[in-house]
Amino acid sequence: MRIIPVLDLMGGQVVQGIQGDRARYQPIKSVLTPSCAPPDVARALWAETGCDALYIADLDAIEGRGDHRAEIQELARAIPARPWVDAGLETAEAIPAWFAAGVHRVVVGSEAIRSVASLDAIRAAIPAGGLVFSLDMKEGRVLSRCPELRAMPPLALLARLRDGGWTHVILLALDRVGTGGGPDRSLLEAARAAFPELNLVAGGGVRDLGDLHQLSHLGAHGVLVASALHNGRLTGQDLHAPTTEPGDRDSSPGPCLP
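Every residue gets a number counted from 1 within its own chain, in the order that chain's sequence is written. In keeping with the model being predicted, local features are shown solely for residues with a pLDDT of at least 70 and side-chain atom pairs are shown and tallied solely at 80 or more, while totals for entire chains, interfaces and linings include all residues. Hydrogens and waters are ignored; side-chain quantities use all the structure's heavy atoms.

A. Summary view of the packing of helix 1 (residues 38-49) against helix 3 (residues 69-78). Lines are fitted to the C-alpha atoms to define the axes, a helix being fitted only along its stretch in contact, and any angle between axes, read from their N-to-C directions, falls within 0 to 180 degrees. Counting from the N terminus, the helices are the DSSP runs of H or I reaching at least four residues and the strands are the DSSP runs of E reaching at least two. Packing of helix 1 against helix 3 brings their axes to within 10 Å, and their N-to-C directions diverge by 35°. Classified by chirality, the crossing of helix 3 by helix 1 is right-handed. Residues Pro38, Pro39, Ala42 and Arg43 of helix 1 form the contact with helix 3, whose own contacting residues are Glu74, Leu75 and Ala78. Side-chain classes follow a simple rule in which Ala, Val, Leu, Ile, Met, Phe, Trp, Tyr, Cys and Pro form the nonpolar group, Asp, Glu, Lys and Arg form the charged group, and the remainder, Gly included, forms the polar group. Of the residues belonging to the contact of helix 1 with helix 3, the class tally is five nonpolar, no polar and two charged. When the near helix sits turned anticlockwise from the far one by under a right angle, the crossing is termed left-handed; a clockwise turn instead gives a right-handed crossing. It only takes one pair of heavy atoms within 4.5 Å for two residues to be counted as in contact.

What follows is the structure, encoded as structure tokens:
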């Protein structure tokens, strides 16, 4: 199971996500670095975890207030971890410029999509290996500008994604982000049972090593983590320590396990 640290970028800084309520976001306070500059935080996260990927949410781009493409390009050059970037993209035409900036995977968030036709056009134009769909949710309901997607139960949307050729999906519980309230295990369990062929990444609410073990047992291929790393409840030493728990899917929930 892969551990994928998260950087939320706003106004040129890394900020602390809180339940998807962007009006409440403040510059990050981290035990890993006194800085909130994106290169400093990215280097600190990579040094702590040895991760091979970083999930970057460009909140200004998502909100239509410009973007952090130059900063993300710098990050792609500065550390070995490959960036996955959500920049609120809703058309296939907008995606190639982000690949040119060094992005490894473009994250297409349900929140940004305005129509099913746009979603289908993105998948038709871009190989699945370059894309990740983020199923953005609050209180178990799909967030989207598209009424058809918004009306779908999460599992119904996952079925549509699978049938459309998507292979990587983030299950992002925005209302759990930054709360330390624990991840949404029930949705992951149901999604893994229904769609064994999908590569599923859990996001939102991860508190500690125990949560990682449970998500690994439930079949997550990856987990997004931010607050637990910044507040010190989850450390690089935790991630690299072998587990002694019986029944673990992997010998370790380490940062880059296949």
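Let's pick the thread back up.
B. Spatial organisation of the state of the cysteines. By disulfide we mean two sulfur atoms from cysteines, separated by a distance within 2.5 Å. Under the definition given, this model contains zero disulfides. In this model Cys36 remains outside any disulfide bridge; the closest cysteine sulfur is found in Cys51, 19 Å from its own.

C. Here's a closer look at the environment of Met137. With respect to the helices and strands, Met137 occurs in strand 7 (residues 131-138). When a residue's accessible area, from a 1.4 Å probe over protein chains only, is under 20% of the maximum for its type it is buried; when over 50% it is exposed; and in between it is partly exposed. Assessed through its relative accessible area of 3%, Met137 is described here as buried. A C-alpha to C-alpha distance of 15 Å links Met137 and Leu224, two positions 87 residues apart in sequence. Residue contacts for Met137: discarding those within four places in its chain leaves Val142, Leu143, Pro154, Leu171, Leu172, Ala173, Leu174, Asp175 and Leu187.

D. Local environment of empty space enclosed by the protein. As defined here, a cavity is a set of points on a 1 Å grid over the protein atoms alone where a 1.4 Å probe fits but cannot get out. A pocket is an open set with protein on both sides within 12 Å along at least five of seven lines, and residues line them when an atom is within 4 Å of a point. Grid points are joined across faces, edges and corners, and a volume is the space filled by probe spheres set on the points. Taken as a whole, this structure holds three cavities of 30 Å³ or more when the rule is applied. The computed volume of the largest cavity comes to approximately 70 Å³. Together, Met137, Leu171, Leu172, Ala173, Pro183, Asp184, Leu187, Leu188, Ala202, Gly203 and Gly204 line the largest cavity. Put simply, the parts of the chain that give the lining of the largest cavity at least two residues each are strand 9 (168-173), helix 8 (185-194) and strand 10 (199-203). Broken down by element, the residue count for the lining of the largest cavity peaks at three residues, all from strand 9. Of the residues in the lining of the largest cavity, the class split is eight nonpolar, two polar and one charged.

E. Here's a closer look at helix 7 (residues 154-163). Residues of helix 7 that are buried include every one of Pro154, Leu157, Leu158, Ala159 and Leu161, and no others. Packing partners of the buried residues in helix 7 comprise helix 5 (116-125), strand 7, strand 8 (141-142), helix 6 (147-150), strand 9 and helix 8. Looking one or two residues past helix 7, Gly165 carries a phi angle of roughly 95°, positive in sign.

F. Representation of the pairing of strand 5 (residues 82-86) in the model. In terms of residue burial, strand 5 counts as a mostly covered element, since four of its five residues are buried. Strand pairing is defined by DSSP finding a minimum of two bridges between the two strands. In terms of strand pairing, strand 5 meets strand 6 (residues 105-109) through three bridges, oriented parallel. Bridge assignment links Val85 to a residue of strand 6, and that residue is Val106.

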